[in-house]
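Take a look at the letters that make up each chain.
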2 protein chains.
Amino acid sequence: MIIQVDFNSNEAIYMQLCKQIIIGIANSQIKEGDNLPSVRELAEDIGINMHTVNKAYSILRQEGYLKVDRRHGAIIAIEVDRYKAQLELVEELKISLAKAISRGISREEAKDMVDRIYDIYLGSK
Amino acid sequence: MIIQVDFNSNEAIYMQLCKQIIIGIANSQIKEGDNLPSVRELAEDIGINMHTVNKAYSILRQEGYLKVDRRHGAIIAIEVDRYKAQLELVEELKISLAKAISRGISREEAKDMVDRIYDIYLGSK
DNA sequence: CTATTTGTTATATGAATACTATAACAATTT
DNA sequence: AAATTGTTATAGTATTCATATAACAAATAG
């Protein structure tokens, strides 16, 4: 899986890393049990500091996307609290859809976008 | 329209203001042509600094939610670039739905949430 | 006309965050 | 025995967030 950061983005680097890894999980580029490069390796690879990668890994671990095992490094291990997952999604949709409604995007358009994004992530599944 | 901020939130105050105003537009608490309290008034009201409110208003103006008229203060004036609006929504859904998929939330569940949120904002419209 | 209120701009300060740098540690692998 | 793992600690710089005070031109109210 290729990870790259935009140094000109106003989004924090550690946040870009988190997002790309989560997207990688969604589209099955990386799966349960796969291991991520070591913090030093990935940092070297991208050309950033080790601690920035470590911060991203720590957040992903805290949010239940991976576990860290001294023997195998960071490995993908999804831990789902369905209720929390739903709450978080609702919270994020609330603001995104408020913008959408303010700008005249219809309910059907929004749901079509959800469909299209699910298609992209899941392929034909 | 009642605006209140959570000082213990890790979300910036100016961002909380932006979101609440956008949500207020989505659910028709405030409409095209309505005017918002002056930066000093709202700041006084909430108990925050004038510049924090000004920052929120400036962002909302820049993003096409309101215009500032010296005669009437800040008034809601939605300026929609449909293409930009769609791009922004897709971009936000991409990460929200990646998390959802990683956590086993189905396509239908996600679309149901969209429906429910649209219902909440639009009422029976 | 005068006084007040409007958004806006400028400058400064303190706190928090983001990123980097160097270093060290115990556990594990080679 | 040497190297690599995640983790922790400390420190420095840059940026952001929120505050405070001050001033400006434009517009409103009395």
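Please read these numbers as outputs of a predicted model, since none were measured by experiment. (Residues numbered from 1 in each chain as written. Chains lettered and ligands numbered in written order. Predicted model: local features only at pLDDT ≥ 70, side-chain atom pairs only at ≥ 80, totals over all residues. Heavy atoms only, no water.)

Engineer: Residue-level account of the overall build of chain A, with values.
Structural biologist: Helix and strand counts for chain A stand at five helices and two strands. Going residue by residue from the N terminus, the α and β elements of chain A occur as α-α-α-β-β-α-α. Projecting the C-alpha coordinates of chain A onto the three principal axes gives extents of approximately 50 × 35 × 25 Å. For chain A, the proportion of its 125 residues judged to be buried stands at 39%. Across chain A, contacts joining residues at least 24 apart in sequence account for 49% of those joining residues at least 6 apart. (Helix = DSSP H or I, 4+ residues; strand = E, 2+ residues; numbered from the N terminus. Buried < 20%, exposed > 50% of the residue type's maximum accessible area, 1.4 Å probe, protein only. Contact = heavy atoms within 4.5 Å.)

Engineer: Give a detailed account of the protein's contact with DNA strand D, specifying residues and quantitative values.
Structural biologist: The environment of DNA strand D is formed by 21 residues, the closest being H51 and R70 of chain A together with I13, H51 and K55 of chain B. Between DNA strand D and R40 of chain A, the relevant distance is 2.8 Å, taken from a base nitrogen to a side-chain nitrogen or oxygen of the residue. For DNA strand D, a phosphate oxygen lies 2.7 Å from a polar atom in the side chain of R61 of chain A. Among the secondary structure elements, those contributing two or more residues to the surface near DNA strand D are helix 2 (39–46) and helix 3 (50–62) of chain A together with helix 1 (13–26) and helix 3 (50–62) of chain B. (Near = heavy atom within 4 Å. Polar contact = N/O pair within 3.5 Å; in protein donor to acceptor, adjacent residues only side chain to side chain.)

Engineer: Hey, could you go over the domain arrangement of chain A for me, with residue numbers and the actual values?
Structural biologist: Splitting chain A by domain gives domain 1 (13–76) and domain 2 (82–123). Taking the mean C-alpha position of each, domain 1 of chain A and domain 2 of chain A sit 25 Å from one another. (Domains from an automatic or database assignment.)

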